[in-house]
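Read off the chains here:
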Amino acid sequence: MNASDAPTLYIVVPCFNEEEVLPETSRRLREKVQALVASKKIGEGSRILFSNDGSTDKTWEMVRQLHDDPAFGSLYTGISLAHNRGHQNALYAGLMAALAHGCDAAVSMDADLQDDVDAIDEMVDAYLQGANIVYGVRDNRDTDTRFKRGTAEAFYGLMKAMGTETVPNSADFRLMDAKALEALSQYGETNLFLRGIVPTLGFKTAKVYYRRGERFAGQSKYPLSKMLSLAVDGITSFSVTPLRIVTIGGGVFVLIAMVMLAYALISLAMGTTVSGWTSLLVSIWFVGGALMISLGVVGEYVGRIYMESKQRPRYIVWEELS
Ligand code: UDP
Ligand code: MG
């Protein structure tokens, strides 16, 4: 951007089978961008970029139509991944495409309008005042189901206990400027957990509070299995604490074994040996279970080392609109 004119803003939206919400989302984002351009806060070249995450419905067709429609000029653009690679990868792909297009800043948000479109104004203000990263932080969880709220709280609590630095109640609704995106592009890991990486970038940050609404239409694209895998990625890609817990657990078990040995020797001396079948049976199962869990934890990390060592691309771009 040259000093005189307003910055180019990209709004990046990952989409996986979002045909039900796309017409409304694209309309509201268009109004937002047009209003911001009219108020001269952002430049004429600002755009909306949809990152299609291997959708099997009409999502990509709809994006193409928006892009091709002369009524909208060059407002809409998009990239389409060759396969469903998950929200984090789709978002990252979109942000990198925005950076490649030469944006000055990019706002990432969900397609389902749960993130408040009007909070973008404040994000842009914070950016214009010098912030490199502006986090959207939700001020309530009223609109979530009790289950989602409970699991989310447990998740953030666990993350904190394990030493991953996150901004609580902030998901992937945030603004990043080109500098921060450039820094992000240097992170080569396969197991992407942007909520954990972005706070480690540093830079000048700001927070904008917003009320998170309900999904505008359609079903959540985040079933429990995907939530769990995001949580495991979030912890294992930032912390080795679980491995340490395994080691400490092993130490505790050795101590217990020594106490048991003393107990067995005393019982032997006192001639009361045969009883204790129950405790033996319980211990066998317990120790077996504890060992399997410990091996599992180590296995999670070994598996991740394996995935990272292959250095596969995170995603393949199948089609890119101008
Ligand atoms: N999403 C994606 N790939 C996936 C799953 C989800 O790109 O494999 C997108 C989805 O289209 C939406 C965002 O990620 O824009 C958040 O998903 P969703 O709203 O379903 O998650 P929830 O709000 O239920 O956690
Ligand atoms: Mg949602």
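For the structure itself, consult the block above.
Quick caveat: nothing in here was measured; it's all calculated off a predicted structure.

Enquirer: How should the environment of Glu319 be read in this particular structure?
Expert: Looking at the element boundaries, Glu319 is found in strand S8 (residues 317-320). We classify Glu319 as partly exposed; its relative accessible area is 23%. When the C-alpha positions of Glu319 and Ser309 are compared, they lie 27 Å apart, and in sequence the two are 10 residues distant. Not counting the four nearest positions on each side in its chain, Glu319 is found in contact with Trp60, Arg64, Gly78, Ile79 and Ser80. Within the local environment of Glu319, its side chain forms a polar contact with the side chain of Trp60, the two groups lying 3.0 Å apart. A polar contact is formed between the side chain of Glu319 and the side chain of Arg64, at a distance of 2.9 Å.

Enquirer: In this structure, what is going on with the site of ligand 1? I would like to understand it.
Expert: Of all residues adjacent to ligand 1, which total 20 residues, the nearest are Glu18, Asp53, Asp112, Ser220 and Lys221. At a separation of 3.4 Å, a nitrogen atom of ligand 1 approaches a polar backbone atom of His87. Within the side chain of Ser220, a nitrogen or oxygen atom sits 2.5 Å from an oxygen atom of ligand 1. Taking 530 Å² as the accessible area of ligand 1 by itself, protein coverage stands at 95%. Partitioning the shell around ligand 1 into residue classes produces six nonpolar, five polar and nine charged.

Enquirer: Would you explain helix H2 (residues 59-68) in this entry?
Expert: Along an α-helix, a turn takes 3.6 residues, which lines up residues three or four apart on a common side. Looking only at H2, the buried set comprises Thr59, Trp60, Val63, Leu66 and His67. Take H2 and look down its axis: the buried residues cluster within an arc of 120°, on one side only. Exposed and oriented more than 90 degrees from the buried face of H2 are Gln65 and Asp68. In this structure, the buried side of H2 is in contact with strand S1 (9-15), helix H1 (22-38), strand S2 (47-52), strand S3 (76-81) and S8.

Conventions adopted
Residues numbered from 1 in each chain as written. Chains lettered and ligands numbered in written order. Predicted model: local features only at pLDDT ≥ 70, side-chain atom pairs only at ≥ 80, totals over all residues. Heavy atoms only, no water. Helix = DSSP H or I, 4+ residues; strand = E, 2+ residues; numbered from the N terminus. Buried < 20%, exposed > 50% of the residue type's maximum accessible area, 1.4 Å probe, protein only. Contact = heavy atoms within 4.5 Å. Polar contact = N/O pair within 3.5 Å; in protein donor to acceptor, adjacent residues only side chain to side chain. Near = heavy atom within 4 Å. Areas by Shrake-Rupley, 256 points an atom, 1.4 Å probe, with all protein chains shown as cover. Nonpolar A, V, L, I, M, F, W, Y, C, P; charged D, E, K, R; others polar. Arc of directions from axis to C-beta.

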